[in-house]
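# Secondary and tertiary structure notes
Okay, here's what each chain looks like letter by letter:
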Amino acid sequence: MRSIAIVTGASSGVGREFVYQLCGGGGGPLDEIWIIARSKDTLAKMAAACEKPLIRPIPLDLTLDESFCELEAMLAQEEPCVQWLVNSAGFGTFGSFGDVGSANADMVRLNCLALVSMTSICLPHMQPGSRIVNMASIAGLVPQPQLATYSASKAFVLELSRMLDHELAGTGIHVTAVCPKFMRTKFLDKPGDSEAAGAMTRIGFEDVGHVVRTALRFSVLGYHVSLSCLDMQLAALAAKLLPRKTLFRIEDLLFGRCGKKERRVKSAL
Ligand SMILES: NC(=O)c1ccc[n+]([C@@H]2O[C@H](COP(=O)([O-])OP(=O)(O)OC[C@H]3O[C@@H](n4cnc5c(N)ncnc54)[C@H](OP(=O)(O)O)[C@@H]3O)[C@@H](O)[C@H]2O)c1
């Protein structure tokens, strides 16, 4: 039986780095890597650049139901063993909930719904030793006003990963949620409110290669969360202990949102 990895969000950033590291043997031997994103040309170029394992470009929009039917049919026809499923497709829009508008629902569609559909389709093709890696975010552990829907979508990914990992105990299959802080990818190219995004990136950036290497290692070890950065481990602990109101006040101070809020209230009066 052919052993494959499936990577969503493979055309850019973290997903592309997963493809490169899996290609380089970072996830053990593989016959094929199926790479999914909308950018057909980029996927084709990536496929042409690697001979072994074979890379199969699958251009799909994961917000459309028919994409999952197509993938389900491919898996049913070819019956490979899905050794790795990496759910990396996702995006975030900064700003108040009202300003973010229809992107709120789009984020839930891609960050949550697509991940659930991918997991449901791939799980029946997994065996002991298979792994699911879900891109969550530090925002899933430390909730972020001005990034509310994104933050809530990543909390969903994190909790789903933890619960599914528990449900799968004894099957030899593990689920790992990856919770990095910011990384220099296309993620911040269209931030929505760039002032809010700029303020939040004061927490600093992580290296994509390091995040992916740690995630693969933690996943092989069967950890359900991959948190590769010490300051974010402390932030996650603080978020667990502090009442939400206090946490949000600290974040407002840290990200310079207090004056802005007062200005908004004054102009509304
Ligand atoms: N970068 C960060 O600072 C950061 C921090 C924490 C967590 N994360 C998470 O890490 C994951 C990867 O983000 P990234 O930093 O690699 O961002 P990125 O460079 O913007 O990559 C996003 C990927 O998702 C794909 N995608 C977007 N919409 C899609 C759709 N409708 N259907 C299929 N694929 C779609 C994009 O490809 P196409 O445009 O070709 O479709 C691209 O390959 C996301 O889940 C993100 O939330 C990122």
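Above this text sits the structure in question.
Figured I'd write up the structure that's included with this text. These figures come from a predicted structure and were not determined experimentally. (Residues numbered from 1 in each chain as written. Predicted model: local features only at pLDDT ≥ 70, side-chain atom pairs only at ≥ 80, totals over all residues. Heavy atoms only, no water.)

### Quick word on the sheet that holds strand β1 (residues 3-8)
The strand order across the open sheet built from seven strands is β3-β2-β1-β4-β5-β6-β9, with neighbouring strands paired in parallel fashion. Two strands bound the open sheet, and with one partner strand each, they are β3 (54-59) and β9 (225-226). Pairing of strand β4 (residues 81-87) with strand β5 (residues 131-135) involves four bridges; the strand directions are parallel. Bridging from a neighbouring strand, W84 pairs with R131 of β5. The sheet strands contacting helix α1 (residues 13-23) are β1, β2 (32-37), β3, β4 and β5, and the helix crosses β1 at an angle near 160°. Sitting on the sheet, helix α3 (residues 65-78) is in contact with β1, β2, β3 and β4, with an inclination near 170° to β2. (Pairing = 2+ DSSP bridges. Helix = DSSP H or I, 4+ residues; strand = E, 2+ residues; numbered from the N terminus. Contact = heavy atoms within 4.5 Å. Axes fitted to C-alpha atoms, helices over the stretch in contact; angles between N-to-C directions.)

### A short note on helix α5 (residues 103-122)
Along its 20 residues, α5 runs 27 Å from first to last C-alpha, staying within 8% of the 28 Å computed at 1.5 Å per residue. Along α5, the sharpest change in direction is near 30° and occurs at L113. Here α5 has its buried residues at A103, N104, M107, L110, N111, C112, A114, L115, M118, T119, I121 and C122. (Expected span 1.5 Å × (residues − 1). Bend = angle between axes of the 7 residues up to and from the residue. Buried < 20%, exposed > 50% of the residue type's maximum accessible area, 1.4 Å probe, protein only.)

### Comments concerning the site of the ligand
The environment of the ligand is formed by 29 residues, the closest being S12, R38, S39, Y150 and T185. In the model, an oxygen atom of the ligand is placed 2.8 Å from a nitrogen or oxygen of the M183 main chain. Contacts to the ligand include T185, whose side-chain N or O atom sits 2.5 Å from an oxygen atom. Bound to the protein, the ligand loses 92% of the 880 Å² it would expose on its own. Mapped by element, the contributors of at least two residues to the shell around the ligand are α1, α6 (148-167) and β7 (182-183). Looking at the shell around the ligand residue by residue, the classes come out as 14 nonpolar, ten polar and five charged. (Near = heavy atom within 4 Å. Polar contact = N/O pair within 3.5 Å; in protein donor to acceptor, adjacent residues only side chain to side chain. Areas by Shrake-Rupley, 256 points an atom, 1.4 Å probe, with all protein chains shown as cover. Nonpolar A, V, L, I, M, F, W, Y, C, P; charged D, E, K, R; others polar.)

### Describing the layout of surface pockets
Of the voids in this model, the second largest pocket is the one considered here, and its volume is about 340 Å³. Contributing to the lining of the second largest pocket are 18 residues, with L141, L158, R162, A236 and K240 lying nearest its centre. Those elements giving two or more residues to the lining of the second largest pocket turn out to be α6 and α9 (230-241). No other element matches the six residues that α6 contributes to the lining of the second largest pocket. A breakdown of the residues in the lining of the second largest pocket according to their chemical character gives eleven nonpolar, three polar and four charged. (1 Å grid on protein atoms, 1.4 Å probe; cavity = no way out; pocket = protein on both sides within 12 Å on 5 of 7 lines; lining within 4 Å. Points joined across faces, edges and corners; volume = space filled by probe spheres on them.)

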